[in-house]
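Per-entry structural report
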Amino acid sequence: MKNLAVLVSGNGSNLQAILDAEAKQQLSAHVRLVISNVDGVHALERARAANVETLVLPHRSFATREAYDDALGQALRSANIDFVALAGFMRIVSSRLLEAFPSRVINIHPSLLPAFPGLHAQRQALEHGVKVSGCTVHFVDVGCDSGAIIAQAAVPVLDGDDEAALTARILVEEHRLFPRALQLFAEGRIELEGRQVRVRNG
Ligand code: GRF
């Protein structure tokens, strides 16, 4: 069974969906470690409630992004981590971490990429007036939300939606999509060729 680390910064509802999927045996990977760059966040409580080891690694304690990512890499290696999920981890990761875990760092983003990368994706979608938005699971590369796309789910943008309403509707799909995509990876069914991700039949 592959060891998965989940990196978080906040509420951790996606982490919860991943933990629930493992508990329901819908994810054949073990969440071995949860790392947060912020202390005191709800995601850490969720990890502890599931008896998962936690580590708080505050980015402010490190002089450079590279030094931070070296520390992350070290923690991941000493926990024998095979692949990494970024679940609301509000940090750009550097090539240092990606070289240590090539094509093994996976992120979820609350828009249909390549539309609306970066912060406040739901607000960007509302401001642009799109009628459909959604979420994207993708491999992480050195850019911002620019890596190869593994899976996407669409949701409608409804008249009268505010940021909170659209965020909530997208989150429902995130909680379905992310564990499923991680399961495809855990099963070794994902092939990456350049920007193209192909899913082999199970
Ligand atoms: C999600 O919308 C995710 O797509 C984005 O950050 C948010 C994290 O939410 N990257 P949560 O902490 O998993 O509840």
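My aim in this report is to walk through the structure given alongside it, one point at a time. This is a predicted model, so every value here is computed, not measured.

When helices and strands are tallied, the protein shows six helices and nine strands. Against the globule reference of 17 Å for 202 residues, the protein gives a C-alpha radius of gyration of 16 Å, in line with a compact fold. Considering only C-alpha atoms, the protein reaches an extent of 50 × 40 × 35 Å along its principal axes. Here the analysis covers contacts within the protein between residues at least 6 apart in sequence; of these, 62% occur between residues at least 24 apart. Carbon together with sulfur atoms contributes 49% to the accessible area of the protein, which is approximately 9,800 Å² in total.

All right, on to the pattern of salt bridges then. Within this structure, the stated rule accounts for seven salt bridges. Between Asp70 and Arg96 there is a salt bridge; the shortest N-O distance is 2.9 Å. Note that Asp70 is positioned in helix H3 (residues 65–78) and Arg96 in helix H4 (residues 95–100), a separation of 26 residues in sequence. Assessed through its relative accessible area of 34%, Asp70 is described here as partly exposed.

With that out of the way, let us pick up unusual backbone geometry. Omega for the bond connecting Leu113 with Pro114 falls within 30 degrees of zero, at 10°, which places this linkage in the cis form. Among the structural elements, Pro114 can be located in the loop between strand E5 (105–109) and helix H5 (121–128). The backbone phi angle of Asn51 is positive, close to 60°, even though this residue is not glycine. Looking at the element boundaries, Asn51 is found in the loop between helix H2 (42–49) and strand E3 (53–56). The phi dihedral of Asn80 falls on the positive side, at around 55°, and the residue is not glycine. Within the secondary structure, Asn80 sits in the loop between H3 and strand E4 (83–86). Judged by relative accessible area, which is 55%, Asn80 ranks as exposed.

Attention shifts here to the side chain of Asn107. Structurally, Asn107 is set in strand E5. Looking at Asn107, its side chain comes within polar contact range of the side chain of Asp145, at 3.3 Å. What Asn107 contacts, discounting residues up to four positions off in sequence, is Leu86, Thr136, Val137, His138, Val140, Asp145 and Phe178.

Attention shifts here to the sheet that holds E5. Ordered by their spatial adjacency, seven strands build an open sheet running E3-E2-E1-E4-E5-E6-E7, and the pairing between neighbours is mixed. Single-partner strands in this sheet number two, and they are E3 and strand E7 (149–156). Within the sheet, the average angular offset between the axes of one strand and its neighbour, ignoring direction, is 20°. Bridging between strand E2 (residues 29–36) and E3 involves four bridges; their strand directions are parallel. Residue pairing for E3: Val34 is matched across the bridge by Thr54. Packed on one face of the sheet, helix H1 (residues 13–23) meets strand E1 (2–8), E2, E4 and E5 and runs near 160° to E2. Packing against the sheet, H3 makes contact with E1, E2, E3 and E4, and its axis sits at approximately 150° to E2.

Below, the discussion takes up H5. Turning to H5, its buried residues number three or more, namely Ala121, Gln122 and Ala125. Axial view of H5: buried residues confined to an arc of 100°, hence all on one face. If you follow the buried residues of H5, they end up packed against E5, strand E6 (132–139) and helix H6 (163–186). One or two positions beyond H5, positive phi appears at Gly129, with a value near 80°.

Time to look at the site of the ligand. Inspection of the region around the ligand gives Asn11, Gly12, Ser13, Asn14, Gly88, Ile108, His109, Pro110 and Glu174 as its neighbouring residues. Between the ligand and Ser13 there is a distance of 2.5 Å, counted from an oxygen atom to a side-chain nitrogen or oxygen. Residue Asn14 places a main-chain N or O atom 2.8 Å away from an oxygen atom belonging to the ligand. Out of a free accessible area of 360 Å², the ligand has 84% covered by protein chains. Placement of the ligand is best described as lying within the largest pocket. Elements with a minimum of two residues in the shell around the ligand: H1 and E5. For the shell around the ligand, the per-class residue count stands at two nonpolar, six polar and one charged.

Parameters and conventions
Think of each chain on its own: its residues are numbered from 1, step by step along the sequence as written. This being a predicted model, a pLDDT of at least 70 is required before a residue's local features are given, and a value of 80 or more before pairs of side-chain atoms are given or counted; all residues contribute to the totals for chains, interfaces and linings. Remark: hydrogens and water are excluded; side-chain values derive from all non-hydrogen atoms of the structure. By definition, any uninterrupted DSSP run of H or I lasting at least four residues is a helix, any uninterrupted run of E lasting at least two residues is a strand, and each is numbered from the N terminus. Atoms counted for the radius of gyration: C-alpha only. Globule rule: 2.2 Å times the number of residues to the power 0.38. Pairs of residues are marked as contacts when any of their non-hydrogen atoms sit within 4.5 Å. Note on areas: these come from Shrake-Rupley sampling with a 1.4 Å probe, and a residue is covered only by the protein chains present in the view. What makes a salt bridge here is a side-chain nitrogen of Lys or Arg within 4 Å of a carboxyl oxygen of Asp or Glu, nothing more. Burial classes: relative accessible area under 20% of the type maximum marks a residue as buried, over 50% as exposed, and values in between as partly exposed (1.4 Å probe, protein chains only). In protein, a polar contact requires one atom able to donate a hydrogen and another able to accept it; more generally it is a pair of N or O atoms within 3.5 Å, and residues adjacent in sequence count only if both atoms are side-chain atoms. Between any two strands, pairing holds if DSSP finds at least two bridges. All axes here are fitted lines through C-alpha atoms, helices being fitted over the stretch that makes contact, and every angle between N-to-C directions spans 0 to 180 degrees. The arc in question is the one spanned by the directions pointing from the helix axis to the C-beta atoms. Note on definitions. A residue lies near a molecule or strand when any single heavy atom of the residue is within 4 Å of it. Residues are said to line a cavity or pocket when one of their atoms sits within 4 Å of a point; the points come from a 1 Å grid over protein atoms alone, cavities being sets where a 1.4 Å probe fits but cannot get out and pockets being open sets with protein on both sides within 12 Å along at least five of seven lines. Any molecule with more than half of its atoms within 2 Å of a cavity's or pocket's grid points is counted as sitting in it. Basically, the charged four are Asp, Glu, Lys and Arg, the nonpolar ten are Ala, Val, Leu, Ile, Met, Phe, Trp, Tyr, Cys and Pro, and anything else, Gly included, counts as polar.

Everything listed here is a matter of coordinates, which is why it stays silent on function.
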